[in-house]
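# Architecture at a glance
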Amino acid sequence: MHPALAVIFLTLFSGGGFGLMALTAIVNDFQIDGGLSPMQTMVAVLLSILFVTIGMLSSTAHLANPKNAWRAFTRWRTSWLAREGVFAVLYYPFAMLYLVWVFFTGGAADVTGLLLANVAGVIGLITIFCQGMIYACLRTIRQWNTPLVPANFYAMGLAIGATVLAALRIATGGPAQTLVGMAVALLAAAAVLKGIYYFWIARPNGPTIRTATGFNRSTVRLLDQGHTFGTFLTQEFGHTIPAAKANTIKLLMYIFAFVVPIWAIALALSLGLGSLAWLAVVSVFFGIGVERWLFFVEAQHVVNLYHGRQQC
């Protein structure tokens, strides 16, 4: 598939923003490491809203006519894309109300504040699920048609959110041992889950030119491609990458998305360096951005069978 930067930014930033909001609510719910101070809570919620807004605005760049973006909300009964849009918009009032409540009352962990925070967090998690199901429901793309896709979206979003939250706590002061441990655990879990996904898509499976034409007991050979020149189908669905190059990029992705953030956030805790903690945040965003690029590049639509590319 063609890796559109607009969609990469959408899934990367909005997933991280929703994950950050959910973890902010959990930390204040259970007073992890003493809970977040009102100032830390407001900064975390502001960053969450900023990340989600960056993702939502970038998604409009993927539209041929951005002023018609409102139409994406009209098919919520049948479309995961519409459901994502509805829940993403529904997230804003609760997150903003929580931010205003904390600002005026200082009640980051009182009943009303936590109610607003938890509703915003749950809506954010639902939005991540809808986002993952946009791709997981497509039977025409084998690499996406698996429950591992929404699971990975959850893992990545929560890993980003936990890294940002731990970095914020280290940079602004206060005990952060549990928050750092949570970030390390979520980053490690995301790394393992992504490895399982890569193992799954590497298995020889999926449609072939024989199954596509219905001649399962015969040897089928493509004599001519569907088109002699480039078309929308070949440009959008025919983008690919050599396996050796993909493996090299995956190794670099693992280093930036998981190894460097875990090392930086743990070292920042022991040394008390906020700058090192924010390095972990930059690294995890860059690494998971590369992961999201690979997610699109490695996806092969079944239409490629009719253009001379035999799928495995």
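Above: the structure in question.
This structure is a prediction, so every number in the text was calculated from the model and none was measured. (Residues numbered from 1 in each chain as written. Predicted model: local features only at pLDDT ≥ 70, side-chain atom pairs only at ≥ 80, totals over all residues. Heavy atoms only, no water.)

## A few points about the environment of Ala188
Secondary-structure assignment places Ala188 in helix H6 (residues 177–202). Judged by its relative accessible area of 35%, Ala188 is partly exposed. Residues Ala188 and Phe258, 70 residues apart in the sequence, show an inter-C-alpha distance of 7.0 Å. (Helix = DSSP H or I, 4+ residues; strand = E, 2+ residues; numbered from the N terminus. Buried < 20%, exposed > 50% of the residue type's maximum accessible area, 1.4 Å probe, protein only.)

## A closer look at the pattern of salt bridges
The tally for this structure, following the rule as stated, stands at 3 salt bridges. A salt bridge links Lys194 to Glu291; the shortest N-O distance between them is 2.5 Å. Pair noted here: Lys194 is in helix H6 and Glu291 is in helix H10 (residues 274–297), with a separation of 97 residues, a long-range link. Judged by its relative accessible area of 1%, Glu291 falls in the buried class. Between Glu298 and Lys250 there is a salt bridge; the shortest N-O distance is 3.0 Å. Within this pair, whereas Glu298 is found in the segment after H10, its partner Lys250 is found in helix H9 (residues 243–271), the two being separated by 48 residues in sequence. For the pair formed by Glu298 and Lys250, the shared burial category is buried. Each of Lys194, Glu291 and Arg292 takes part in a single network of salt bridges with overlapping partners. (Salt bridge = Lys/Arg side-chain N within 4 Å of Asp/Glu carboxyl O.)

## Some points on unusual backbone geometry
The phi torsion at Gln31 lies on the positive side, around 50°, for a residue other than glycine. Tracing the backbone shows Gln31 in the loop between helix H1 (5–29) and helix H2 (38–60). Positive phi is not limited to glycine here, since Asp33 has a value of about 55°. Within the secondary structure, Asp33 sits in the loop between H1 and H2.

## Quick look at the side chain of Asp33
Although buried, Asp33 forms no salt bridge, and the nearest oppositely charged side chain, Arg169, lies 6.0 Å from it. Among the polar contacts listed, one links the side chain of Asp33 to the backbone nitrogen of Leu179, at a separation of 2.9 Å. In this structure Asp33 touches Arg169, Pro175, Ala176, Gln177, Thr178 and Leu179, once residues within four positions along its chain are discounted. (Lys, Arg positive; Asp, Glu negative; His and termini not counted. Polar contact = N/O pair within 3.5 Å; in protein donor to acceptor, adjacent residues only side chain to side chain. Contact = heavy atoms within 4.5 Å.)

## Notes on H2
Along its 23 residues, H2 runs 34 Å from first to last C-alpha, staying within 8% of the 33 Å computed at 1.5 Å per residue. Burial in H2 covers these residues: Gln40, Thr41, Met42, Ala44, Val45, Leu47, Ser48, Ile49, Phe51, Val52, Gly55 and Ser58. On the buried face of H2, the contacting elements are H1, helix H3 (80–105), helix H5 (148–172) and H10. (Expected span 1.5 Å × (residues − 1).)

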